[in-house]
Amino acid sequence: MHPSRPRSDTTCIDPGDRLQLHVPRGTLLFAVEGQVHMVEPPRWLAEQMVSVEQHLSPGQVHEVGQDGWVQLTALAGAPARIARVPPPAVGTRLAAGLAKLRRAVALLARRGIRMA
């Protein structure tokens, strides 16, 4: 496995079965096979609790917007397979952001602009 690629977990769901997975915000859900109905954890919107729902067909992806339990249901009388990819670790994102900042400062320095 390439070190910069996150590991994915694949889960199979029998037709009509429902699966609940606890996932962190930013997790990617890929529909590999079958039709999947996905319901995100509820969140507050204008003093009301709402849940994002989406049907995923093979090849479609959804990024989970909130930590919590995601509910997945296999549709259309056939098994479904879904892959989940966790978000990058905070340390990885921080290192990438700092590297980008260093490149920007170096570019400004080459152009003769000094940082105070």
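Each chain carries its own residue numbering, running from 1 in the direction its sequence is written. The model is predicted, so local features are restricted to residues of pLDDT at least 70 and side-chain atom pairs to those at 80 or more, both for listing and for counting; the totals for chains, interfaces and linings are taken over all residues. Only heavy atoms go into the side-chain values, all of them from the structure, while hydrogens and water stay out.

Caption draft 1: Broad picture of the overall build of the protein chain. We count a stretch as a helix when DSSP gives it H or I for four or more residues in a row; a strand needs E for two or more, and each element gets its number in order from the N terminus. On a plain count of helices and strands, the protein chain comes out with one helix and ten strands. Its helices and strands taken in sequence order, the protein chain reads β-β-β-β-β-β-β-β-β-β-α from the N to the C terminus. In the protein chain, 77% of the contacts between residues at least 6 apart in sequence involve partners at least 24 apart. Here, two residues are considered to be in contact whenever any of their heavy atoms come within 4.5 Å of each other.

Caption draft 2: Quick peek at the environment of Val-36. With respect to the helices, strands and loops of the structure, Val-36 is situated in strand β4 (residues 35-39). Here Val-36 falls in the buried class, since its relative accessible area comes to 0%. Considering only alpha carbons, one finds Val-36 and Pro-79, 43 residues apart in sequence, at a separation of 9.2 Å. With residues up to four places along the chain from it excluded, the contact list for Val-36 reads Gln-54, His-55, Leu-56, Leu-72, Thr-73, Leu-75, Ala-80 and Ile-82. Exposure classes here rest on a 1.4 Å probe applied to the protein chains alone. A residue is buried below 20% of its type maximum, exposed above 50%, and partly exposed in between.

Caption draft 3: Up close: the pattern of salt bridges. Think of a salt bridge as a Lys or Arg side-chain nitrogen and an Asp or Glu carboxyl oxygen that are within 4 Å of each other. Considering all chains together, one arrives at two salt bridges under this definition. Arg-81 serves as the salt-bridge partner of Glu-33, at 2.8 Å between the closest nitrogen and oxygen. Of the two residues, Glu-33 sits in strand β3 (residues 28-33) while Arg-81 sits in strand β10 (residues 80-85), which places them 48 residues apart along the sequence. Between Glu-40 and Arg-43 there is a salt bridge, and its shortest N-O distance comes to 2.4 Å. Glu-40 gets classed as buried once you look at its relative accessible area, which sits at 2%. According to the relative accessible area criterion, Arg-43 is partly exposed, its value standing at 23%.

Caption draft 4: Focus on the confidence of the model for the protein chain. For the protein chain, the mean per-residue pLDDT works out to 81, and 84% of the residues sit at or above 70. Overall, residues 1-5 carries pLDDT values under 50, and its contacts beyond four positions in sequence, including any with other chains, amount to one contact. A residue's pLDDT is simply how confident the predictor is in it, with values from 0 to 100.

Caption draft 5: Focus on unusual backbone geometry. Despite not being glycine, Ala-46 shows a phi value in the positive range, around 50°. Within the secondary structure layout, Ala-46 lies in the loop between β5 (43-45) and β6 (48-50). Of note, the phi angle at Glu-47 is positive, near 65°, even though the residue is not glycine. Inspection of the secondary structure puts Glu-47 in the loop between β5 and β6.

Caption draft 6: Seen up close, the environment of Pro-58. Locating Pro-58 in the fold gives a position in the loop between β7 (53-56) and β8 (61-63). Classification of Pro-58 by relative accessible area gives partly exposed; the value is 46%. Residues Pro-58 and Val-36, spaced 22 residues apart in sequence, show a C-alpha to C-alpha distance of 8.6 Å. If we skip the residues at most four places from it in the chain, Pro-58 touches Ala-31, Val-32, Glu-33, Gly-34 and Gln-35.

Caption draft 7: Summary view of the sheet that holds β4. Strand pairing requires that DSSP identify at least two bridges connecting the strands. The strand order across the open sheet formed by four strands is β2-β9-β4-β7, and the pairing between neighbours is antiparallel. A strand with exactly one partner marks an edge of an open sheet, and here the two such strands are β2 (18-23) and β7. Within this sheet the neighbouring strands show an average axis-to-axis angle of 25°, counted without direction. As judged from the four bridges shared by β4 and β7, these two strands associate in the antiparallel manner. Counterpart to Val-36 in the pairing with β7 is Leu-56. Note on definitions: angles span 0 to 180 degrees between N-to-C directions of axes, and those axes are lines fitted to C-alpha atoms, for helices only across the stretch in contact.

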